[in-house]
Protein chains: 2
Amino acid sequence: MPKALILIADGTEEMEFTITYDTLVRGGVSCVSAYVSAPSSDSTEQTTIYQNPPFAKGSRGINILPDTYFSPQTSTPDKYDLLVIPGGAKGAETISSSSPVQHLVREYIKEGKFVGMICAGSLAALKSGLSKQPITSHPSVKGQLEKAFAYSEDPVVVSGKLVTSRGPGTTFPFALTLVEYLCLIALRYVNLCSRQTQMY
Amino acid sequence: MPKALILIADGTEEMEFTITYDTLVRGGVSCVSAYVSAPSSDSTEQTTIYQNPPFAKGSRGINILPDTYFSPQTSTPDKYDLLVIPGGAKGAETISSSSPVQHLVREYIKEGKFVGMICAGSLAALKSGLSKQPITSHPSVKGQLEKAFAYSEDPVVVSGKLVTSRGPGTTFPFALTLVEYLCLIALRYVNLCSRQTQMY
């Protein structure tokens, strides 16, 4: 079963988070949501990292309880097939400014794992220093991205393992594109198991 | 500012809840989510009614913290312009089986306030004993509704003050329809204020 890690922070756009998580689960993908603390959080963060995370205050007032705290050590590309960064201006700022997240984005791409970014979440491509390639985002951050990338206004842009999208209204096609690619992984796994069964 | 009360329970479809809440907020509607306890909940419910509600376990594993417990006394149609019942089989069963919710549905319709039901949430129309009228729902509960109502397969069905819809994929048009009607309320209010300003 393919696995996805979906990041969330205070200010995450709750539709983009929820539609992606829910659609992936419906598509047979095991999902874990991980809370990324804002840099201004107090110094107790490190001591509370193994406790239950706080709820994330969504951009429009919905409070969501993440499955776990974000931990760089347990988020590596050997553990997941997909890393997702949703939008919502404040949440995307917190997530994309995190050095451990930026490192993970580069590692996922390097290891051939999928990375999904939607809305202002696409800023993580810039802050992670990904190479110039096709990308899209919420129009509000287009100005920050169009020099470093080949900017597109398509609802969903697939560039190798990087899948980007525009906002709440394009989250369904974004999530369905991710399901489609992860299903291909699952199909390959099933085929492999099937061949192994035939072999033994 | 128009006000909406959105019910939520364990098993509520989190996309239907979140897209509706978020879109209404974006449309200028003040939203309150209220947790409806399952009938099997223990007897401490009455004593904890004024404490913070527990998080609602969504149908696909997302945990959402409601704004408040559902209380029939504070949910009356003089306090809100819209009552919303989302789907998700288990959540819709809990909400639509609640006698206080059934009473409220009848009161909202009687007082000319809007009631939105989506997916299996449309069962609340049946259980509340609403009169035969056009309705839609998730296909899985069509069989329970088509004798008592004029069943339609349109994405959104408006019948007087009752607005119904089909499932996660139709939640955007459902929520936008509700925003449209509530904006008309807001416009009438603004016009009234404007006339009063001119009068004094």
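Residues numbered from 1 in each chain as written. Chains lettered and ligands numbered in written order. Predicted model: local features only at pLDDT ≥ 70, side-chain atom pairs only at ≥ 80, totals over all residues. Heavy atoms only, no water.

Chemist: Quick rundown of the pairing of strand E7 (residues 114-118) of chain B? Include the residues and the values.
Modeler: Residues and elements named next belong to chain B. Burial analysis of E7 places 5 of its 5 residues in the buried class, the great majority of the element. Inspection of the sheet shows strand E6 (residues 82-85) paired to E7 by 4 bridges, in the parallel sense. Among the inter-strand pairings, Leu 82 is bridged to a residue of E7, identified as Phe 114. Bridge analysis of E7 against strand E11 (residues 162-165) gives 4 bridges, and the strand direction is parallel. Its bridge partner being in E11, Gly 116 is matched across the sheet by Val 163. (Buried < 20%, exposed > 50% of the residue type's maximum accessible area, 1.4 Å probe, protein only. Helix = DSSP H or I, 4+ residues; strand = E, 2+ residues; numbered from the N terminus. Pairing = 2+ DSSP bridges.)

Chemist: For the pattern of salt bridges, give the residues involved together with the corresponding values.
Modeler: Residues and elements named next belong to chain B. On inspection of all chains with the given rule, the structure shows 14 salt bridges over all chains. A salt bridge links Glu 13 to Arg 60, with the nearest nitrogen and oxygen atoms 3.9 Å apart. With Glu 13 in the loop between strand E1 (3-8) and helix H1 (14-26) and Arg 60 in the loop between strand E3 (56-57) and strand E4 (63-65), this residue pair connects regions lying 47 residues apart in the sequence. Overall, the relative accessible area of 1% leaves Glu 13 in the buried class. Residue classification places Arg 60 among the partly exposed positions, given a relative accessible area of 28%. (Salt bridge = Lys/Arg side-chain N within 4 Å of Asp/Glu carboxyl O.)

Chemist: Please provide a residue-by-residue account of unusual backbone geometry, values included.
Modeler: Residue and element names in this part refer to chain A. With a phi angle near 65°, Cys 119 is a residue other than glycine that sits in the positive phi range. Inspection of the secondary structure puts Cys 119 in the loop between strand E7 (114-118) and helix H5 (123-127). Note on Cys 119: relative accessible area 7%, which makes it buried.

Chemist: Go over the relation of the copies chain B and chain A, please, and point to the residues and values.
Modeler: Superposition record for chain B on chain A: RMSD 0.0 Å, screw rotation 180°, translation along axis 0.0 Å. When the rotation and shift are considered jointly, the pair of chain copies conforms to a two-fold rotation axis. Minimal C-alpha separation from the rotation axis in chain B is found for Ile 64 of chain B, amounting to 2.3 Å. By residue overlap, the copies meet face to face through one surface: 100% of the interface positions of chain B are interface positions in chain A. (Least-squares fit on C-alpha atoms with pLDDT ≥ 70 in both. Contact = heavy atoms within 4.5 Å.)

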